[in-house]
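# Observations on the model geometry
Each chain, letter by letter, is given below.
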Amino acid sequence: MLKIKDLHASVEGKEILTGVNLEVKPGEVHAIMGPNGSGKSTLASVIAGNEDFEITKGTILFEGEDLDEVSPEERAHKGIFLSFQYPVEIPGVSVTNFMKTAINESRKARGQEDMPANQMLKLIREKSELLDIDRKFLSRSLNEGFSGGEKKRNEIFQMAMLEPKMAILDETDSGLDIDALRIVANGVNKLKSKDNAVILITHYQRLLEYIIPDFVHVIHDGKIVKSGTKELALELEEKGYDWLKKEPVA
Amino acid sequence: MDLKEKLVSSFMAFENNVDLDHPIHDIRSEAIKNFETKGFPSRKEEAWKYTSLNSLQKIDFSIFPKEENALEYNHVKKYFLHEIDTYKIVFVDGIYSSFLSETTHDGVDICLMSSALTKPMYKPVIDVYFNKVASKEESLTTLNTAFSREGAYIYIPKNKAPKKPVEILHFATGNEASLMLQPRNLIIVEENAELQVIERHQSLTKNEVLTNSVTEIFAAKDAIVDYYKVQNDTNDASLIDNTYIAQKDKSVVKVHTFSFGGKLTRNNLNFYQDGEYIDSTLKGVTILGEKQHVDHHTLVHHQQPNCESHQDYKGIYGERSTGVFNGKIIVDKIAQKTNAFQQNNNVLISDKATINTKPQLEIFADDVRCSHGCTIGQLDEDAMFYLQSRGIPRKEATGLLMYAFANNVLESVRLPELKKRINKLIATKLGVRLGFDL
C-alpha cells in the first residue's frame, strides 16, 4: 500500500529526514517511535503532503503511485488521512459543516454526487456515538476552545467519517487521559480492517497497549534505525532511547 | 461649474420649493453657509487622507431628479428582505414611492421625513430632535442638512416595538445620466422601546450615482436598536453615509455594516454615549474586489461612566480594492469604568489590494479598560494544510477560511433571515461553493 524509499526531506535547508525506508501493507498496524526531534512528525507531514517540507531525495509510493507533485487534498481523496498532533482551530466553521464540506469535496473528486442530507446526518450520528461525542459538540466551531482530549477525539471522529485507506495518527495519545485514550483506541480498533492500514506515531508505549501494532520501528536522526515486533516497544519503554544512539546502525 | 458651486447655487431654487417660514429654514441656511465656507473635504485633511472625492466632483450630477420614476416590485424584489414581512420606506431617485412602501401610524410612526418636516403635529418632535446630534461643522453633513427634505422618519413611543423590522431602500433608476441623492433620516426610539432597521442603497444601471446620506438616531433609556446597513451597490454608485447616534442610560444600539460593493463608500459612524450603562456595538464585514473603495470612520465618545463599546471590523480585500479603517475612541475624564474594545482584522488576497488601518484612542479617565488591535495578513497556512489534508481543495479551503473569518462577525445579527442572506452574500462574494446549506 505504502512504500517509502530512501526518503530525504528538509525544512528551510535543514535536513530532517535522512533516508527513511518503510513498507506498509493493507491490514497492518505500524508504530513509529522515537525521541523528540527524531523526525517522526515530519515523516507524517511529508506523507500527507505538507509543502513546508521539501523532498530532496527518495520516493513515496501509495498504491504504486508516486506522490511527488500530488497535492494534500488529492492524497486525502486517494485515502490518506493524518490525525494532527496539533489540530488547527478554525473559528466560524462548525464541526458538522466542516465534515460535510470534506466529505462532499472527496465525493466530488471521485465523480460522485453530494451525500444526501439525511444520509450525512445518520453517518454523523453513528460515528459520533462510536467516539462518545456529545451532539452539542458538533455545532461548535472546529477545535476552537476544545480541550486537548476533545481535539484528539475530534480527529478520530473525522477519520471515522472519511474512512481512509491509510491513517497516520501523529501523537494522538498525547494529552489524553486514560478514559479518553480508551475511547480513541477503541474507535481506531473498530475502524481497522484487512483493507486499511494504520501508522501510529508515538513517543510512549502506552497507546500500544490498546492498539496492538504488527510492527514497531524506531526512528532516530531522521531514519529508521531499528524495526521489530511489539516487543521492541516494551524494550524501548524499559531502556529509553539512549541505547540506540550508542548502538551502530544495523 | 464644479459640484460645490452647483450645489450652492441650487440651494436658492431648492428654498423656493419649501416653506420659508418653517423653523428648519434657519437650520438649512446656516448649514449651506458652513458648506459654502468649507466645501468638499480634501485629502489634506487627516480624516480624508485615504479617500479622495476629487473625481466625483468632476461629474455633472443632477441635484434634483426631473420626474418621478416607477419601478415594478418584481423587478426589485431581490433587494428586499422578502422572506419575511417588513415595513418598507422606499425611494426611487430620491422620491418617495408609495407603491413600493408599507408605512404605518399604528401606535408607532414609520413614515416620511417630508411629512414630519411639514406637518404641524410632528413639530414638537422635530424641534427637539432634528439636527441635534448631526454635526454642524462637518461639511458633508451640513450639505445634507441644507438640502434635507426627504428620507425616513421613525418614531417609536415608550414601551413600544413595531411588529416587524423596517427596511429603508433607495433605488436609483438611471433615468438621469448622473444623480446626486441626499436622504435624511430621523429615528427616535423612546424609553424601553425597540426597533430593527435594514438600510440599503441600490443603483439599477451603470449611470453614476452619488448619495450623501445623514441618519440621526436617538435611543432613550433602555431602548434597543439594531441597525443593519447593506452596501452591495454597483461600481458606478458612491455612498457617503453619515450616521449619528445619541444614546441614553442602559440603551443598547448595534450597527452592522456589510460592505460588499460600490465604487466609493465612506461610512462615518458616530456614537455619543450620554448616560450610564450604555452598550454600543459597531460591527462590519467588508469584502471588496475590482477597484472598489471603502472607508470606515468610526467614533465612540464615552461621555459618562460605566459604559461599554464593542467594535469588530473584518475586511477581505482582493484585486485592486482599497480599504480604510479609522476607529476613534474618546473617553472623557468623567467616564470612569469604561470598557471599550476595538478590533480590526484584514486579509489581503491580492498583491495590489491595500488597507490602511488606524486606531485612535483619546483617554482622559484613569479607571478604564480599553483594548484595540489591528491585523493585516494572509490566510493561515497551517489552517490551509489542515483543510486540504481533509480533502478540501485549496480554492475551496481559501473560501471556507475567508468565510469563517468574516462569518464570525454575524453572531450578533438578530434577524435570522438577514443573517442567512448575508451568509449567502459572503459565500457568493468569495466565489466559493460551500459544501453545506446556509
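First things first, this report covers the structure right here in the doc. (Residues numbered from 1 in each chain as written. Chains lettered and ligands numbered in written order. Predicted model: local features only at pLDDT ≥ 70, side-chain atom pairs only at ≥ 80, totals over all residues. Heavy atoms only, no water.)

### Points about helix α4 (residues 117-130) of chain A
All names here are of chain A. For clarity, the cut-off: A helix here means a DSSP run of H or I that spans at least four residues, while a strand means a run of E at least two residues long, and both kinds are numbered starting from the N terminus. Expected helix span is computed as 1.5 Å times (number of residues minus one). For each residue, the accessible area found with a 1.4 Å probe, counting protein chains only, is set against the maximum for its type, and the residue is called buried under 20%, exposed over 50%, and partly exposed in between. Of all possible arcs, the one meant is that of the directions from the helix axis to the C-beta atoms. The contact criterion used is simple: two residues touch if any of their non-hydrogen atoms lie within 4.5 Å.
Its 14 residues place the ends of α4 20 Å apart at the C-alpha level, agreeing with the 20 Å of an ideal helix rising 1.5 Å per residue. Along α4, the residues classified as buried are Met 120, Leu 123, Ile 124, Lys 127, Ser 128 and Leu 130. Buried positions in α4, seen along its axis, are confined to an arc of 145 degrees and lie on one side of it. In α4, the exposed positions angled more than 90 degrees off the buried face are occupied by Asn 118, Lys 122 and Glu 129. Packing partners of the buried residues in α4 comprise α3 (95-109), α5 (148-162) and α6 (178-191). Of the residues flanking the end of α4, it is Asp 132, one or two places downstream, whose phi is positive at about 55 degrees.

### A short note on the sheet that holds strand β18 (residues 339-348) of chain B
Residue and element names in this part refer to chain B. What counts is decided by this rule: A pair of strands counts as paired when DSSP detects no fewer than two bridges linking them. Axes, fitted as lines to C-alpha atoms, cover a helix only where it is in contact. Angles between the N-to-C directions of the axes lie from 0 to 180 degrees.
Spatially, 10 strands are ordered β2-β1-β5-β8-β10-β12-β14-β16-β18-β20 in an open sheet, and the strand pairing comes out mixed. The outermost strands of the open sheet, each flanked by one partner alone, are β2 (95-96) and β20 (369-377). Pairing of strand β14 (residues 279-288) with strand β16 (residues 308-317), which is carried by 10 bridges, proceeds in the parallel orientation. Across the sheet, residue Ile 287 finds its bridge partner in β16, namely Ile 316. Packed on one face of the sheet, helix α9 (residues 394-407) meets β14, β16 and β18 and runs near 160 degrees to β16. Sheet strands touched by helix α10 (residues 416-429): β8 (194-203), β10 (224-231), β12 (252-259) and β14. Its angle to β10, the strand with the most contacts, is close to 25 degrees.

### With respect to the nonpolar core
Note the cut-off: For the purposes of this section, nonpolar cores are sets of buried Ala, Val, Leu, Ile, Met, Phe, Trp, Tyr and Cys residues that join through side-chain atoms within 4.5 Å. Boundary definitions for the domains trace back to an automatic or database domain assignment.
In terms of nonpolar packing, the biggest core is built from 116 residues, with Ile90(A), Met166(A) and Ile426(B) touching the most fellow members. In terms of residue count, the dominant contributor to this core is α9(B) (8 residues). Domain assignment of the residues forming this core places at least three in each of domain 1 (3-274) and domain 2 (381-438) of chain B. Not counting residues within four places of it along the chain, the set of residues in contact with Ile90(A) comprises Ser141(A), Leu142(A), Ala383(B), Tyr386(B), Leu387(B), Leu401(B) and Ala404(B). Counting 31 residues, the second-largest nonpolar core is a separate cluster that includes Ile110(B), Leu112(B), Ile187(B) and Tyr227(B).

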